[in-house]
Amino acid sequence: MAENIVILTGAGISAESGLGTFRDKDGAWAKFDWRKLASPEGYGEDPIAVHDFYNARRRGLLKAEPHGAHQALAQWEAAHEGEFLLVTQNIDDLHLRAGSKNLIPMHGELFKARCSACHHVYDWREDLSIESTCPRCQIRSGPRPHVVWFGEMPLEMERIYRALESCTLFVAIGTSGTVYPAAGFVQDAKAAGAHTVELCLEPGEISVLFDEAIYGPASEVVPHFVETYLKSRA
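Presented here is an overview of the structure given in this document.

About the thresholds
Residues numbered from 1 in each chain as written. Predicted model: local features only at pLDDT ≥ 70, side-chain atom pairs only at ≥ 80, totals over all residues. Heavy atoms only, no water. Pairing = 2+ DSSP bridges. Helix = DSSP H or I, 4+ residues; strand = E, 2+ residues; numbered from the N terminus. Axes fitted to C-alpha atoms, helices over the stretch in contact; angles between N-to-C directions. Salt bridge = Lys/Arg side-chain N within 4 Å of Asp/Glu carboxyl O. Buried < 20%, exposed > 50% of the residue type's maximum accessible area, 1.4 Å probe, protein only. 1 Å grid on protein atoms, 1.4 Å probe; cavity = no way out; pocket = protein on both sides within 12 Å on 5 of 7 lines; lining within 4 Å. Points joined across faces, edges and corners; volume = space filled by probe spheres on them. Nonpolar A, V, L, I, M, F, W, Y, C, P; charged D, E, K, R; others polar.

If you walk across this open sheet you meet the 6 strands as S3-S2-S1-S7-S8-S9, and the pairing is parallel. On the outer flanks of this sheet lie strand S3 (103-105) and strand S9 (212-215), each paired with one strand and no other. Direction aside, neighbouring strands of the sheet carry axes that sit 15° apart on average. Sheet topology places strand S1 (residues 5-9) next to strand S7 (residues 169-173); 5 bridges connect them, and they run parallel. What sits directly across from Ile5, in S7, is Leu169.

Structure below.
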């Protein structure tokens, strides 16, 4: 019987594409105050600073490319006969560009904007500013980055929990295990009887909760894990 697979990825998988992490000692939140740059309150107080922060990240993402781990996950999904859901905490589009289809960016997408007035979500790759106008309602200064800030609810949580309730294999890749609700997914999967695997550069705060762990760069351990899994099912 085919397995129902749920994959969770975090900043560690995108780091090798040149995108910065957040919670490492050299990560974004060690250099910047998330209260000012990644919260509704911070945006309300200084939207120009918030736009500048995300504009810089958006420009950086334009230069980034998927690597072997992103590609291996897309190949795994294409070859798998059961349910396969990839949930990412990252706001980049590297999984999408690598070919992943059944994908939930639970923290939003950097290449999209959302109107604060009419809630319209649309593709956007240019800089945003307080002069930006929503293409639907024409409200100026309405558009904001389509990202989930601290204090906001991650996206598509009902769908994620439904998948966790029926999954038989849960794999967490490149995530520190410090941000909830994603950090609790391994416990939800274990409660459903799933085998749980951690693929990460080094042990994190919740590593003891996993049944199996492999440590090393994502570009190395993920393709190897996927290749081994697919060979074992051939």
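Following the structure, the description resumes.
Here the idea is simple: oppositely charged side chains can pair when their charged atoms come close. Scanning the entire structure with this criterion turns up 11 salt bridges. For Glu227, the salt bridge identified is with Lys231, shortest N-O distance 3.2 Å. Note that Glu227 and Lys231 are positioned in helix H10 (residues 218-233) at a spacing of 4 residues, about one turn of the helix. The partly exposed category is assigned to Glu227, whose relative accessible area is 42%. Judged by relative accessible area, Lys231 falls into the exposed class, the value being 59%. Counted as one network, the salt bridges with shared partners bring together Glu65, Asp93, Arg97 and Arg125.

So, about the pairing of strand S6 (residues 143-147). Across the 5 residues that make up S6, a large majority, 5, are buried. Sheet topology places strand S4 (residues 108-115) next to S6; 4 bridges connect them, and they run antiparallel. Looking across to S6, one finds that Arg114 is bridged to Arg144.

What follows is about the sheet that holds S6. Overall, antiparallel pairing links the 3 strands, which are arranged S5-S4-S6 in an open sheet. Looking at the sheet topology across the chains shown, the edges are occupied by strand S5 (121-123) and S6. For this sheet, the mean inter-axis angle between neighbouring strands, taken without regard to orientation, is 45°. Here S4 pairs with S5 via 3 bridges, running antiparallel.

Let's shift gears to empty space enclosed by the protein. Vacant regions in the atomic arrangement are exposed by a probe of water-molecule size rolled over the atoms. Considering all chains together, one arrives at 2 cavities of 30 Å³ or more under this definition. Approximately 60 Å³ is the volume attributed to the largest cavity. Around the largest cavity, the lining residues are Thr88, Asp92, Asp93, Leu94, His95, Leu96, Leu103, Pro105 and Glu109. Within the residue set of the lining of the largest cavity, elements represented by two or more residues are helix H7 (94-98) and S3. No other element matches the 3 residues that H7 contributes to the lining of the largest cavity. The residue makeup of the lining of the largest cavity, split by class, is 4 nonpolar, 2 polar and 3 charged. Taken together, Leu8, Phe170, Ala172, Thr175, Gly177, Ala182, Ala183, Phe185, Val186, Ile206 and Phe210 form the lining of the second largest cavity.

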